[in-house]
Amino acid sequence: MYDLIIIGAGPAGITAAVYAARKRLQFLVLTGDIGGQAAWSGDIENYTGYQFITGPDLTAKFEEHMRKYNVPVKEREEALEVKKTGGAIKVRTAKGEYESKTVIIASGKVSKELGVPGEKEFKNKGLTYCATCDGPLFGGKAVAVIGGGNSALDAALQLIKIARHVYMINITPYLGGDAIMRQKVESSEVVTVINNARVTAVVGDNMVSGIMIKREERIEPLAVQGVFVEIGLKPNSGFAKDVEKNEYDEIKVNCLNQTNVPGIFAAGDVTDVPEKQIVIAAGEGSKAALAAFKYLNSSQ
Ligand SMILES: Cc1cc2nc3c(=O)[nH]c(=O)nc-3n(C[C@H](O)[C@H](O)[C@H](O)COP(=O)(O)OP(=O)(O)OC[C@H]3O[C@@H](n4cnc5c(N)ncnc54)[C@H](O)[C@@H]3O)c2cc1C
């Protein structure tokens, strides 16, 4: 029986782990990867203490900090179910079942899919959801970024430095996102923004050779060798069935990171806390660990 199980090792989960280690809790981190979305980010200019740092570099710093405390991390072991029965909270994964007195859910968000023909077929054959991870594979090629918000702008800014040409396919009349990023994208000579357009299919032979886009009732082909899907994110909360969520499937928490189930806490992008940012997720992770620590002390 652990004191605490932390689900996820993005900024929220890693920070919770650092705090739990410093409180000498008997705990375990179960996670898909280390870094979460922070590892996919390109340039980060708003994490206090760093005027500029890349996502992978900040993730490496987070991981180094966590490893300093010899935190027990089970990578590539995702929670499939979290359930409280009696006094214990059971976390089931594909490899086994763990019991804990408290749990912090910090499982963040995952990319939304386009849901068009060809998407599944060409996944990792020219179609990807991560510009930081896969952008370098598209040197000198024409690519399409699907989306018009901050994630899409971030992907385009990374690809400008690598690809021959970047098309941004945006469903609304104007690009959204932060003004600074938008200006950088719109002023680039290698970017063409196509507004009011919807992708209807991804096409190719073995690899992506293009997309079909619909504009004003006309469907036309666009030749690209890479497709970066950046249309937003959805919370990884499906495994926590008994925990109350809002209409976006975000886990509802109070200011102490408590969910409706005593002993189950949540932190970061998976929650209904407004604004999804690294500094906020990290802060929420620390709060959740301190709240779990207090809960353990009060229930002994
Ligand atoms: C392209 C991009 C650029 C961004 N740029 C910035 C920026 O410049 N500045 C900024 O402040 N923010 C930025 N963000 C937002 C920021 O990255 C997120 O707000 C932050 O990473 C959220 O942290 P988190 O720990 O809550 O979740 P995540 O980072 O999503 O991490 C979730 C973790 O949970 C794990 N996980 C998921 N499901 C399970 C499961 N079932 N079981 C176990 N583990 C699981 C994942 O493997 C991952 O380790 C950006 C996001 C994106 C996508």
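About the cut-offs
- Residues numbered from 1 in each chain as written.
- Predicted model: local features only at pLDDT ≥ 70, side-chain atom pairs only at ≥ 80, totals over all residues.
- Core = buried A, V, L, I, M, F, W, Y, C linked by C-beta atoms within 7 Å.
- Buried ≥ 20, exposed ≤ 12 C-beta atoms within 10 Å, placed from the backbone.
- Helix = DSSP H or I, 4+ residues; strand = E, 2+ residues; numbered from the N terminus.
- Contact = placed C-beta atoms within 7 Å.
- Near = placed C-beta within 6 Å.
- Nonpolar A, V, L, I, M, F, W, Y, C, P; charged D, E, K, R; others polar.
- Axes fitted to C-alpha atoms, helices over the stretch in contact; angles between N-to-C directions.
- Parallel < 35°, antiparallel > 145°, perpendicular 65-115°, else oblique.
- Left-handed = near helix turned anticlockwise from the far one by under 90°.
- Pairing = 2+ DSSP bridges.

### Concerning the nonpolar core
Phase 1: Grouped together as the largest cluster of nonpolar side chains are 51 residues, with contacts concentrated most on Ile5, Ile6, Ile7, Ala16, Ile104 and Ile105.
Phase 2: With 8 residues, helix H6 (residues 278–298) is the largest single contributor of residues to this core.
Phase 3: Beyond its immediate chain neighbours, meaning those up to four positions away, Ile7 contacts Leu30, Ala79, Val91, Val103, Ile104, Ile105, Ala106 and Ser107.
Phase 4: Ranked by size, the runner-up nonpolar core spans 33 residues in total, among them Ala144, Met181, Val185 and Val199.

### Comments concerning the site of the ligand
Phase 1: Lining the immediate environment of the ligand, one finds 35 residues, of which Gly8, Gly10, Gly36, Gly108 and Gly268 sit closest.
Phase 2: Mapped onto the shell around the ligand, the elements with two or more residues apiece are helix H1 (11–22), strand E2 (27–31), helix H4 (150–160) and H6.
Phase 3: Along the lines of polarity and charge, the residues of the shell around the ligand split into 14 nonpolar, 15 polar and 6 charged.

### Some remarks on the packing of H1 against helix H2 (residues 55–67)
Phase 1: Remark: H1 packs on H2, axes separated minimally by 9 Å, with the N-to-C direction vectors making an angle of 25 degrees. With respect to H2, the element H1 is oriented roughly parallel. Along this stretch, H1 crosses H2, giving a crossing that reads as left-handed. When H1 is examined against H2, the residues Pro11, Ile14, Ala17 and Val18 are found in contact with a partner set consisting of Phe62, His65 and Met66.
Phase 2: Considering only residue class, the contact of H1 with H2 consists of 6 nonpolar, 1 polar and no charged.

### Comments concerning the environment of Arg67
Phase 1: Structurally, Arg67 can be placed in helix H2.
Phase 2: Arg67 sits 56 residues away from Pro11 along the chain, and the two C-alpha atoms are 14 Å apart.

### Observations regarding the sheet that holds strand E15 (residues 208–215)
In sheet architecture, strand pairing relies on hydrogen bonds along the backbone and comes in two forms, parallel and antiparallel.
Phase 1: Ordered in space as E14-E15-E16, the 3 strands form an open sheet in which the pairing is antiparallel. Unpaired on one side and paired on the other, strand E14 (198–204) and strand E16 (218–223) mark the two borders of the sheet. Strand-to-strand twist across the sheet, computed as the mean angle between neighbouring axes with direction ignored, equals 25 degrees.
Phase 2: Note: E14 against E15, 6 bridges, orientation antiparallel.

### Some points on unusual backbone geometry
Phase 1: With a phi close to 50 degrees, Asn70 is a non-glycine residue in the positive phi region.
Phase 2: You can see Asn70 is positioned in the loop between H2 and strand E5 (73–75).
Phase 3: C-beta crowding within 10 Å serves as the criterion here: with 8 such atoms nearby, Asn70 is assigned to the exposed category.
Phase 4: The backbone of Asn196 shows a phi angle near 55 degrees, a positive value even though the residue is not glycine.
Phase 5: In this fold, Asn196 is placed in the loop between strand E13 (191–194) and E14.

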